[in-house]
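# Fold and contact review
Read off the chains here:
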Amino acid sequence: QVQLVESGGGLVQAGGSLRLSCAASGVTFSSHIMGWFRQAPGKEREFVAAITKNGGTTYYRDSVKGRFTISRDNAKNTVSLQMNSLEPEDTAVYFCAAARVLGITTVGSDYNYWGQGTQVTVSS
């Protein structure tokens, strides 16, 4: 049984930082592209960041470039999202996801497994 479990969300003031983590089990972690998505109230889910299987390449949506950093530890089956200089617009439920594809994808339907999400709230 595949499980992705996110942690690290919370309430932070604008300009602050949070680090999200996602622990995977029941899946060959190193064989999956890993991604982070988010969904704000009343809005569609959107891609945030992704990382290749060996961690050598990352990709971000434009609005988080330079502020967020995705990383992975294949020995520990974890993927993290370091979020700095947070803005109220970053408020959302953040989901990690795993995709059995060759390369980075920003398309949610390409991802096979999803976590339950963790709430991030940024106050102004």
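So, here's what we can say about the structure. (Residues numbered from 1 in each chain as written. Predicted model: local features only at pLDDT ≥ 70, side-chain atom pairs only at ≥ 80, totals over all residues. Heavy atoms only, no water.)

## Some words on the state of the cysteines
Going by this rule: Disulfides are defined in this document as cysteine sulfur pairs within 2.5 Å. Numbering of helices and strands runs from the N terminus; a helix is a DSSP stretch of H or I covering at least four residues, while a strand is a stretch of E covering at least two. Burial classification: accessible surface area is computed with a 1.4 Å probe over protein chains only, and a residue below 20% of its type maximum counts as buried, one above 50% as exposed, and the rest as partly exposed.
Scanning all chains against the criterion turns up one disulfide. Note that C22 is cross-linked by a disulfide to C96, the S-S spacing being 1.9 Å. Placement of the pair is C22 in strand β3 (residues 18-25) and C96 in strand β9 (residues 92-99), with a sequence separation of 74 residues. For the residue pair C22 and C96, the accessibility class agrees, reading buried in each case.

## Description of the environment of G117
Where we set the bar: Here, two residues are considered to be in contact whenever any of their heavy atoms come within 4.5 Å of each other.
Residue placement: G117 occurs in the loop between β10 (113-114) and β11 (118-123). Separated by 108 residues in the primary sequence, G117 and G9 place their C-alpha atoms 9.0 Å from one another. The contacts of G117, once residues within four sequence positions are left out, are E6, V93, Y94 and F95.

## Looking at the nonpolar core
The tendency in soluble globular proteins is for nonpolar side chains to be buried as a group. Threshold: Buried Ala, Val, Leu, Ile, Met, Phe, Trp, Tyr and Cys residues form a nonpolar core when they are joined through side-chain atoms within 4.5 Å.
Membership of the largest hydrophobic core comes to 28 residues, with the highest contact counts inside it found for W36, F68, V79, L81, M83 and Y94. Among the secondary structure elements, those contributing two or more residues to this core are β3, β4 (33-39), β5 (46-51), β7 (68-73), β8 (78-83), β9 and β11. With residues up to four places along the chain from it excluded, the contact list for F68 reads R38, V48, Y60, L81, Q82, M83, N84, L86, D90 and Y94. If you look at the next biggest cluster of nonpolar residues, it comprises seven residues, including I33, F47, A97 and A99.

## Details of the packing of aromatic side chains
We apply this condition: The rule is short: rings of Phe, Tyr and Trp, with Trp giving its six-membered ring, pair when the centres are within 6.5 Å, and they are stacked under 30 degrees, edge-to-face over 60, tilted in between. In this scheme, Lys NZ or Arg CZ marks a charge over a ring once it lies within 6 Å of the ring centre and within 35 degrees of the ring normal.
For the coordinates displayed, the defined rule picks out five aromatic pairs. Ring centres 5.7 Å apart and planes at 80° place the aromatic pair F37 and F47 in the edge-to-face group. Taken as a pair, F37 in strand β4 and F47 in strand β5 lie far apart in primary sequence, ten residues in all. There is no split in this pair, since F37 and F47 are both buried. An aromatic cluster is defined as three or more aromatic residues linked by ring pairs; in this entry it consists of F37, F47, Y59, Y111 and W114. Between the NZ or CZ atom of K65 and the centre of the ring of Y59, over which it lies, the distance is 6.0 Å.

## Overview of the pattern of salt bridges
Definition in use: Definition used for salt bridges: Asp or Glu carboxyl oxygen within 4 Å of a side-chain nitrogen of Lys or Arg.
For the structure shown, the criterion picks out six salt bridges. E46 serves as the salt-bridge partner of R38, at 2.6 Å between the closest nitrogen and oxygen. Looking at R38, the relative accessible area reads 5%, which means it is buried. The class for E46 is partly exposed, based on a relative accessible area of 26%. For the salt bridge of D90 with R67, the shortest nitrogen-to-oxygen distance reads 2.7 Å.

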